[in-house]
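Descriptive structure summary
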Amino acid sequence: LYCTVEMDAAEIGLKAISALTTTDCVTPYQTGNKEGIAEVKWRAGHQSHILDRLHIFYGTRLDKLVNLANQMYKKFPVKLVICDFISSMTPPGTHGTRTEAIGYVSKALKQLARDLQIPVLACSQLNRGTVGNRRPTMKDLRDSGEIEQDADIVIKTRIDRNNVILSVNTSGQGLHKRGYKQAMG
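Attention here is on the structure that accompanies the text. (Residues numbered from 1 in each chain as written. Predicted model: local features only at pLDDT ≥ 70, side-chain atom pairs only at ≥ 80, totals over all residues. Heavy atoms only, no water.)

1. A look at the overall build of the protein chain
Spelled out, the test is: Only DSSP runs of H or I with at least four residues qualify as helices, and only runs of E with at least two residues qualify as strands; both kinds are numbered from the N terminus onward. Relative accessibility decides the category of a residue: with a 1.4 Å probe and only protein chains considered, values under 20% of the type maximum give buried, values over 50% give exposed, and everything between is partly exposed. We call two residues contacting when some pair of their heavy atoms lies within 4.5 Å. The Shrake-Rupley method, run with a 1.4 Å probe, gives the accessible areas here. Residue values count only the displayed protein chains as cover.
Along its length, the protein chain carries 8 helices and 7 strands. Within the span of the protein chain, comprising 185 residues, buried residues form 35% of the whole. At a minimum sequence separation of 6, the contacts of the protein chain that also span at least 24 residues come to 48%. Surface accessibility of the protein chain: about 11,800 Å² in total, with carbon and sulfur atoms responsible for 52%.

Structure below.
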């Protein structure tokens, strides 16, 4: 189950086909290349058995996302819930600060993961001031007070020249990996 307000269905579909076929399926639509578009449609047809299993929720209401995930889980095995991105979710009720609201969302997504016994990937932005030559830290997560407490794993990425640098925190321990953009990409 993929929750987003960032991309529309067509964009997500093209990116999914690109990932499944390891080809660029977005550019033909951007450039209006009719032969390229025909090729993308052919590829989509051959991947339809996988694409049919991609469920997308467009919305910002946390309660609707949680209800949908629970309903879907009762009908068929949901393997993963992705929330793109956590600060776009609106929790029920009123909260004094944005940090408290994000904390509520973080706790609810953690509880969803526990209830369904599946991973929930909650994407978050870094604070705008996170630039320069240093690795991002937990403090750089936007409205992060509760996110870092609730998360089992936090993965922070930063592109540095030709490298993608991953910082992974699990149970308070850090692990840093460096890889090339081409390999990550």
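2. What about helix H3 (residues 34-46)?
Helical geometry note: an α-helix holds 3.6 residues per turn, so side chains three or four residues apart project in the same direction. The following threshold applies: In this scheme, a helix's expected span is set at 1.5 Å multiplied by one less than its residue total. Here, the arc refers to the directions that run from the helix axis to the C-beta atoms.
Taking 1.5 Å of rise per residue, the 13 residues of H3 would be expected to cover 18 Å, and the 19 Å separating its terminal C-alpha atoms lies within 8% of that figure. By the burial criterion, the buried members of H3 are Gly36, Ile37, Val40 and Ala44. Taken end-on, H3 shows its buried residues confined to a sector of 100 degrees, consistent with a single buried face. Exposed residues on H3 whose side chains face more than 90 degrees from its buried face are Lys34 and Glu35.

3. Structural notes on the side chain of Thr21
What counts here: Counting of polar contacts relies on pairs of N or O atoms within 3.5 Å, with two restrictions inside protein: one atom must be capable of donating a hydrogen and the other of accepting it, and residues adjacent in sequence are counted only when both atoms are side-chain atoms.
Take Thr21: it is sitting in helix H1 (residues 9-21). Polar contacts involving the side chain of Thr21 include one to the main-chain carbonyl oxygen of Ile17, which spans 2.7 Å. Setting aside its immediate chain neighbours within four residues, Thr21 contacts Arg43 and Gln47.

4. Topic: the nonpolar core
Stated precisely, the cut-off is as follows: Residues grouped as a nonpolar core are buried Ala, Val, Leu, Ile, Met, Phe, Trp, Tyr and Cys residues, joined through side-chain atoms within 4.5 Å.
Leu1, Leu65, Val81, Met89 and Leu109 are the most contacted members of the largest nonpolar core, which has 20 residues in total. Every element with two or more residues in this core is listed here: helix H5 (62-75), strand S3 (81-84) and helix H6 (98-116). With residues near it in sequence (within four places) discarded, Leu1 still touches His55, Phe57, Leu65, Leu68, Ala69, Met72, Leu80, Val81 and Ile82. Within the second largest apolar cluster, 5 residues are counted, among which are Leu14, Ile17, Cys25 and Ala44.

5. Examining the sheet that holds strand S1 (residues 2-4)
We apply this condition: Here, strands pair whenever DSSP counts at least two bridges between them. Every axis corresponds to a line fitted to the C-alpha atoms, with the helix fit spanning only the stretch in contact, and the corresponding angles, defined between N-to-C directions, vary from 0 to 180 degrees.
Taken together, the 4 strands give an open sheet; going across it, the order is S2-S1-S3-S4, and neighbouring strands pair in parallel fashion. Either end of the sheet is taken by a strand with one partner, and the two such strands are strand S2 (56-58) and strand S4 (120-123). Strand-to-strand, the axes of this sheet are offset by a mean angle of 15 degrees, without reference to chain direction. Of the strand pairs in this sheet, S1 and S3 are connected by 3 bridges, and their pairing is parallel.

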